[in-house]
Amino acid sequence: MVAMANTPWATTGVIVYGIDPEREKSVTEIWKKLVPGAGEYPDISRPGEVLISDKCAEILKLKHYIITEDVIDQLRGEKVPENILLRLPDLKETRFRSPKDFRDILKMRFTRRELDRYGNLIAAAALDYRIRNRVLLTLSDGTGTPVQGAFRVCGIYKTTNTGFDQAAIFVNARELAQLCGKDEIMTHEIAILLNDIKEAGNVKDKLEGISSGNSVRTWRELAPDAALMNDYMIMYYFMFIGIIMLALAFGIINTMLMAILERTRELGMLMAIGMNRKRIFSMIMLETIFLTLTGAVTGMIAGWAIVEVLGKTGIHFSGWGEGFEAMGFAARVYPVVTPDFFIFTTLLVVVTAIISSLWPARKALKLNPVEALRTE
Amino acid sequence: MKVLELKDVHKTYNSSEVKVHAVNGVTLDFDEAEFAAIVGPSGSGKTTLLNLIGGLDMPTSGEITIDGTDLSRLKSSQLIDFRMRNIGFVFQSYNLIPVLSAKENVEFIMLLQKWSKEEREKRTFELLKAVGLSDRVNSRPSKMSGGQQQRVAVARALASRPKFVLADEPTANLDSKSAANLLEIMEKLNHEEKVTFIFSTHDARVVKMAHRVITLEDGKVVSDEVRE
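Residues numbered from 1 in each chain as written. Chains lettered and ligands numbered in written order. Predicted model: local features only at pLDDT ≥ 70, side-chain atom pairs only at ≥ 80, totals over all residues. Heavy atoms only, no water.

1. So, the overall build of chain B
Heads up, the rule is: Each helix is a run of DSSP H or I of at least 4 residues and each strand a run of E of at least 2, with the numbering of both proceeding from the N terminus. Exposure classes here rest on a 1.4 Å probe applied to the protein chains alone. A residue is buried below 20% of its type maximum, exposed above 50%, and partly exposed in between. A contact between two residues is defined here by any heavy atoms of the two lying within 4.5 Å. Each accessible area is a Shrake-Rupley result for a 1.4 Å probe, and residues are judged covered by the shown protein chains and nothing else.
A tally of regular secondary structure across chain B gives 7 helices and 10 strands. Residues classed as buried in chain B amount to 56% of the 228 residues present. Counted over contacts in chain B with a minimum sequence separation of 6, partners at least 24 positions apart contribute 70%. Accessible surface for chain B amounts to roughly 10,400 Å². Of this, 48% is attributable to carbon and sulfur atoms.

2. Considering the sheet that holds strand β10 (residues 220–226) of chain B
Residue and element names in this part refer to chain B. The condition that has to hold: A pair of strands is treated as paired once DSSP finds two or more bridges between them. Every axis corresponds to a line fitted to the C-alpha atoms, with the helix fit spanning only the stretch in contact, and the corresponding angles, defined between N-to-C directions, vary from 0 to 180 degrees.
The 6 strands are arranged β6-β7-β8-β3-β9-β10 in an open sheet whose pairing can be described as mixed. The outermost strands of the open sheet, each flanked by one partner alone, are β6 (87–90) and β10. Between one strand axis and the next, the sheet turns through 15 degrees on average, direction left out of account. Judged from the 5 bridges that link them, strand β7 (residues 164–168) and strand β8 (residues 196–200) form a sheet pairing that is parallel. By the bridge assignment, Leu166 is partnered in β8 with Ile198. Sitting on the sheet, helix α5 (residues 146–158) touches β6, β7 and β8, and the angle it makes with β6 is about 170 degrees.

3. Comments concerning the interface of chain A and chain B
By a widely used convention, the size of an interface equals the accessible area lost when the partners come together. Our working definition: By salt bridge we mean one thing: a side-chain nitrogen of Lys or Arg within 4 Å of a carboxyl oxygen of Asp or Glu. Between N or O atoms, a polar contact is any pair within 3.5 Å; within protein, one atom must be a potential hydrogen donor and the other a potential acceptor, and residues adjacent in sequence are included only when both atoms are from side chains. Amino acids are sorted into nonpolar (Ala, Val, Leu, Ile, Met, Phe, Trp, Tyr, Cys and Pro), charged (Asp, Glu, Lys and Arg) and polar (every other residue, Gly among them).
Contacts between chain A and chain B engage 15 residues on the former and 19 residues on the latter. Between chain A and chain B we count 0 salt bridges in total. There are 4 residue pairs in polar contact (both at pLDDT 80 or more) connecting chain A and chain B. If you list the elements that add at least two residues to the side of chain A that touches chain B, you get α12 (264–273), α13 (277–313) and α16 (369–374) of chain A. For the side of chain A that touches chain B, the element with the highest residue contribution is α12 of chain A, accounting for 7 residues. The residue makeup of the side of chain A that touches chain B, split by class, is 9 nonpolar, 2 polar and 4 charged.

4. Brief notes about the sheet that holds strand β7 (residues 127–129) of chain A
All names here are of chain A. Strand order in the open sheet formed by 3 strands is β6-β5-β7, and the pairing between neighbours is antiparallel. Pairing within the sheet leaves two strands with one partner each, and these edge strands are β6 (95–96) and β7. Across 3 bridges, the pairing between strand β5 (residues 63–66) and β7 is antiparallel. Within β7, the position partnered with His64 by the bridge is Asp128.

5. Re the pattern of salt bridges
As a working rule, side chains carrying opposite charge can pair if their charged atoms are close by. All names here are of chain B. Taken as a whole and assessed by the stated rule, the structure comprises 25 salt bridges over all chains. Put simply, Arg212 and Glu34 hold a salt bridge, and the shortest N to O gap is 3.0 Å. Within this pair, whereas Arg212 is found in strand β9 (residues 212–217), its partner Glu34 is found in the loop between β2 (18–31) and β3 (35–39), the two being separated by 178 residues in sequence. For Glu34, a relative accessible area of 14% translates into the label buried. Close ionic contact of Lys103 with Glu107 constitutes a salt bridge, the shortest N to O distance being 3.8 Å. Taken as a pair, Lys103 and Glu107 lie in helix α3 (residues 102–112) at a separation of 4 residues, close to a single helical turn. For the pair Lys103 and Glu107, a shared accessibility class is recorded, and that class is buried. A single salt-bridge network, built from bridges that share partners, covers Lys103, Glu107, Lys117, Arg120 and Glu121.

6. Some thoughts on empty space enclosed by the protein
Rule in force here: For cavity detection a 1 Å grid was placed over the protein atoms alone, and a set of points counts as a cavity when a 1.4 Å probe fits there but cannot get out; an open set counts as a pocket when protein lies on both sides within 12 Å along at least five of seven lines, with lining residues being those that have an atom within 4 Å of a point. Grid points are joined across faces, edges and corners, and a volume is the space filled by probe spheres set on the points.
Per the stated rule, a full pass over the model turns up 1 cavity of 30 Å³ or more. The volume enclosed by the largest cavity comes to roughly 30 Å³. Considering the residues around the largest cavity, the lining is formed by Ile273 of chain A together with Ile87, Gly88, Phe89, Ile109, Arg156 and Ala157 of chain B. By residue number, the principal contributor to the lining of the largest cavity is β6 of chain B, which donates 3 residues. Its residues placed into classes, the lining of the largest cavity shows 5 nonpolar, 1 polar and 1 charged.

7. What about the nonpolar core?
Stated precisely, the cut-off is as follows: Residues belong to a common nonpolar core when they are buried Ala, Val, Leu, Ile, Met, Phe, Trp, Tyr or Cys residues joined through side-chain atoms within 4.5 Å.
By size, the foremost hydrophobic cluster in this structure holds 92 residues, and its most contacted members are Leu4, Leu6, Leu49, Phe197 and Phe199 of chain B. Discounting chain neighbours no more than four positions away, the residues touching Leu49 of chain B are Leu6, Val23, Val26, Leu28, Ile38 and Leu216 of chain B.

8. A few points about the layout of surface pockets
In this structure, the second largest pocket occupies an estimated 460 Å³ of space. Lining the second largest pocket are 21 residues, with Leu373 and Arg374 of chain A together with Thr47, Asn51 and Asp168 of chain B positioned closest to its centre. Broken down by secondary-structure element, the contributors of at least two residues to the lining of the second largest pocket are α16 of chain A together with α1 (46–53), β6 and β7 of chain B. Looking at the lining of the second largest pocket, the element that brings in the most residues is α1 of chain B, giving 4 residues. By residue class, the composition of the lining of the second largest pocket is 10 nonpolar, 6 polar and 5 charged.

In structure tokens, the structure reads:
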């Protein structure tokens, strides 16, 4: 429901989602996106709770920064140099009501380089969400009459989608219904999380038959931009794979042609003493496949190790972070490689190797032993 | 019994308008356990003749019969198999497989012929002993001298008990001592294994040791002398 959220310092428009906190966990991942140390997930037993996002907290000026003795101790623990810490105490007990204010004051005190290194650490340590603060929600009930309810911030969440974060706040569905003067929970959306994303179309078709006029939509229809982006990603992925495989094929052809050129006399000798065409052909093929497999296994292990490390640390697109977030993608990307991707790639590499070894092997077959023996 | 017969064999190369008669009407035959040298100046057709005998090249006309089999009647796959079973090759530049040890190089052809492991090992050690390389069984070609490598090559040529061994200038890359040593070994094996050796050379000392000397000039046999 569209509503107006007020704090004594600011106002913003929001969309209020009335949820069943426990059942919500099974279809969305908001509960996993709570900012650590900043409150908790709403609980049905505690009345009047609202879960807002980091972005929303910032707009409502609930995201404060304050330097305390604890903060300085914590920074000392994280090995921030004393000369930096010495410049902090006079800020103590001043409450900065927005990240911008805090950043501005830091900018005045520290050099750019110091800020680059320690700015984020200081900001993270000094961050203080106003948990338990009151937020007043104003919305119109079924008849168009404005109604108002007071909620307390129980927790802060942060997803990678800034657009969503800015607007979405979560309250208990029953309380939202009561606020609107209804006894029953007003259900206007049923989310279904499928085990397999590919089944979305089928399930939609089946549900449409029994939906009695209610609209049924797949994630693609609800978020066409994300779907489009997803499709593009898959397309680019195949293009990249294609280009890489082409490079691989040329690499193999080049290596094997060189190997044959260098060993022309050896091949001539083998043919002379009685190695038949079938054997020569399979020898070249096997060599290629072993060569490729050795490379593939080494590459796979290296790739897996890199992905494992980056999966923990994430790749931070610092420069484009805001752009990424505006499109609903995280600025810090955690690469994940599934086993079937590994298998698929290995198969693709082996197939490419076999195909590209055909030409060198054919070339070896065409050698004339007499001429081959004569080469120096 | 004749192991090898050549009847009016011609080989003509058509290189850029000029016809080259590399082998021009050669008729020869070889008995079992002969030790024959083919001599002649460069360009006289020695190598071509050896290639024809070895079935590596086909004559333009004429007939080559090995042990009763006419080479021209064999299909190329049959010819390869025939070569493997009946002819041993020794090359001027040894041509051992660089990544294999002496033992494995000798064993290779028996492996192609699917000999059992015991048979292979027995034959390999027997031959390496005969060529005086029992102590270099596991050495790679790169760790051996030219003479040693050529002795491994001789052992390899004999591995599958061929009817005859063809050696194209086997001593050309060797010093005189190694050359003499190699020839002695070849002669000994010729005697012990009853294998015909046919080798081309223009090294006078090597010619001296041959039991039969065939002289070629411009692709024709100009003399065929048997010594006792």
